[in-house]
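# Structure at a glance
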Amino acid sequence: MPALTLENISKIYPARPRSMMQWLSSSPQASGLRALDNVSLTVEHGEFFGLLGPNGAGKTTLISILAGLARASSGTAKVCGHDVVTDFKQSRRSLGVVPQEIVYDPFFTVRESLRLQSGYFGLRHNDDWIDEVLGNLGLSDKADVNMRALSGGMKRRVLVAQALVHRPPVIILDEPTAGVDVDLRRTLWEFIARLNKEGHTILLTTHYLEEAEALCGRIAMLKGGRVVALDTTAALLARVGGTDLEDAFVRIMNDDEFLGVTA
Ligand SMILES: Nc1ncnc2c1ncn2[C@@H]1O[C@H](COP(=O)(O)OP(=O)(O)OP(=O)(O)O)[C@@H](O)[C@H]1O
């Protein structure tokens, strides 16, 4: 059974609520925004998979559906064979998500935040693993520092640690290196690459295409909520004939000739 399965996923965000005047004049409600349009793909266990696309392509929406934060309007999504709606608990346990936005509780230290996150998964005595994760992310000396005293890059490291507290087999990273210095980027990628080598499945979204080219074995490109390219990184580059992934990305997004480049 694949690590991630998406079958004909569509997501339509409702149009803004109608004003009282619109209700009274009974003008028709504007149709919603189609953020995802019939997306189907599978990611096998152990893959390092890239989900790429321009701003607004639907990447975060797709991740939110997998994490149970948004409901698909139609279609089915599964994590390790567990349906994200009907088997939410198991699907969520199988998944660690590093969100795009830095969200944290300013009243807790790093260790307290990670203990709290462990508690959400019913893990009481998790400090050995927490210490290991902190060490791997260069956060050992920050364990007892208050979250609000950390720099942006350090907070981002804690978000990665939070996603790992329950040792999920599948890890989703939504633009984890946005606004992060070179040093952290290297530390982060070394750690993520090691997790992948140890068998974790990784799904990554990023706008740094050289990162995706170096790390991802297979790539899906989204445009306007649709999958417009899906193949191994090497095959995509070869078919489109670009000099690098950034070049291939620009060609696929802007040139109709290359739309639908799928394996
Ligand atoms: N909660 C929401 N309500 C209404 N529209 C939304 C909501 N979330 C996202 N959208 C819209 O859905 C579309 C897809 O957004 P999404 O955030 O999934 O794109 P993205 O590929 O992650 O973009 P980015 O690269 O900028 O993070 C956009 O047009 C966005 O404005």
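Residues numbered from 1 in each chain as written. Predicted model: local features only at pLDDT ≥ 70, side-chain atom pairs only at ≥ 80, totals over all residues.

### Re the packing of helix α4 (residues 110–120) against helix α6 (residues 152–164)
Heads up, the condition is: Axes here mean lines fitted to C-alpha atoms, for a helix over just the part in contact, with angles spanning 0 to 180 degrees between N-to-C directions. Secondary structure is summarised from DSSP: a helix means a run of H or I of at least four residues, a strand means a run of E of at least two, and numbering begins at the N terminus for each. For classification, angles of less than 35 degrees are called roughly parallel, those exceeding 145 degrees roughly antiparallel, those between 65 and 115 degrees roughly perpendicular, and all remaining angles oblique. Left-handed describes a crossing in which the near helix is turned anticlockwise from the far one by less than a right angle; the clockwise case is right-handed. A pair of residues counts as a contact when their C-beta atoms, built from backbone coordinates, are separated by no more than 7 Å. Ten residues, namely Ala, Val, Leu, Ile, Met, Phe, Trp, Tyr, Cys and Pro, are considered nonpolar, four, namely Asp, Glu, Lys and Arg, are considered charged, and the remaining ones, Gly among them, are considered polar.
Where α4 meets α6, the axes come as close as 9 Å, and the angle between the chain directions of the two elements is 30 degrees. Taken together, the axes of α4 and α6 are roughly parallel relative to one another. By crossing handedness, the relation of α4 to α6 is classed as right-handed. Across from V110, S113, L114 and Q117 in α4, the residues of α6 making contact are V158, A161 and Q162. Class assignment of the residues belonging to the contact of α4 with α6 gives a composition of four nonpolar, three polar and no charged.

### Points about the pairing of strand β9 (residues 218–223)
What counts, and what does not: At least two bridges found by DSSP between two strands is the condition for calling them paired.
Judged from the four bridges that link them, strand β3 (residues 48–52) and β9 form a sheet pairing that is parallel. Bridge pairing in β9 links F49 to R218. Remark: two residues form the turn of the hairpin made by β9 and strand β10 (residues 226–232), two consecutive strands paired antiparallel; G224 in that turn has positive phi of roughly 55 degrees.

### Some points on the sheet that holds strand β1 (residues 4–13)
With antiparallel pairing, the four strands of this open sheet are ordered in space as β2-β1-β4-β5. This sheet does not close on itself; its edge strands, each paired only once, are β2 (33–43) and β5 (82–83). As judged from the two bridges shared by strand β4 (residues 74–79) and β5, these two strands associate in the antiparallel manner. If you follow K78 over to β5, its bridge partner there is D83.

### Structural notes on the confidence of the model for the chain
We count it as follows: Residue-level confidence of the predictor is summarised by pLDDT, bounded by 0 at the bottom and 100 at the top.
Of the residues in the chain, 92% have a pLDDT of 70 or more, and the chain-wide mean is 90. For this predicted complex, the interface confidence score (ipTM) comes to 0.97, while the overall pTM stands at 0.90.

### Examining the pairing of β10
Here six bridges tie β9 to β10, and the two strands are oriented antiparallel to one another. The residue of β10 that forms the bridge with L222 is V227.

### So, the nonpolar core
Rules: Each nonpolar core reported here comprises buried Ala, Val, Leu, Ile, Met, Phe, Trp, Tyr and Cys residues connected via C-beta atoms within 7 Å. Note on burial: count the other C-beta atoms lying within 10 Å of the residue's C-beta; 20 or more is buried, 12 or fewer is exposed, in between is partly exposed, and C-beta positions come from the backbone.
In terms of nonpolar packing, the biggest core is built from 65 residues, with L66, A161 and I172 touching the most fellow members. Here this core gets six residues from one element, more than from any other, and that element is α6. When residues no more than four places from it in sequence are discounted, the contact partners of I172 are I63, L66, L95, V97, V98 and L203.

### Some points on the site of the ligand
Worth spelling out the cut-off: Residues are classed as near a molecule or strand if the C-beta position derived from their backbone is within 6 Å of it.
In the vicinity of the ligand, the residues found are Y13, L33, A35, G53, N55, G56, A57, G58, K59, T60 and T61. When residues of the shell around the ligand are traced back to their parent elements, those giving at least two are β2 and α2 (59–66). Classifying every residue of the shell around the ligand gives four nonpolar, six polar and one charged.

### Observations concerning unusual backbone geometry
Positioned with a positive phi, N8 is a non-glycine residue whose angle comes to about 50 degrees. Position of N8 among the secondary structure elements: in strand β1. One non-glycine residue, N38, adopts positive backbone phi at about 60 degrees. Here N38 is to be found in strand β2. Judged by local crowding, N38 falls into the partly exposed class, with 15 C-beta atoms found within 10 Å.

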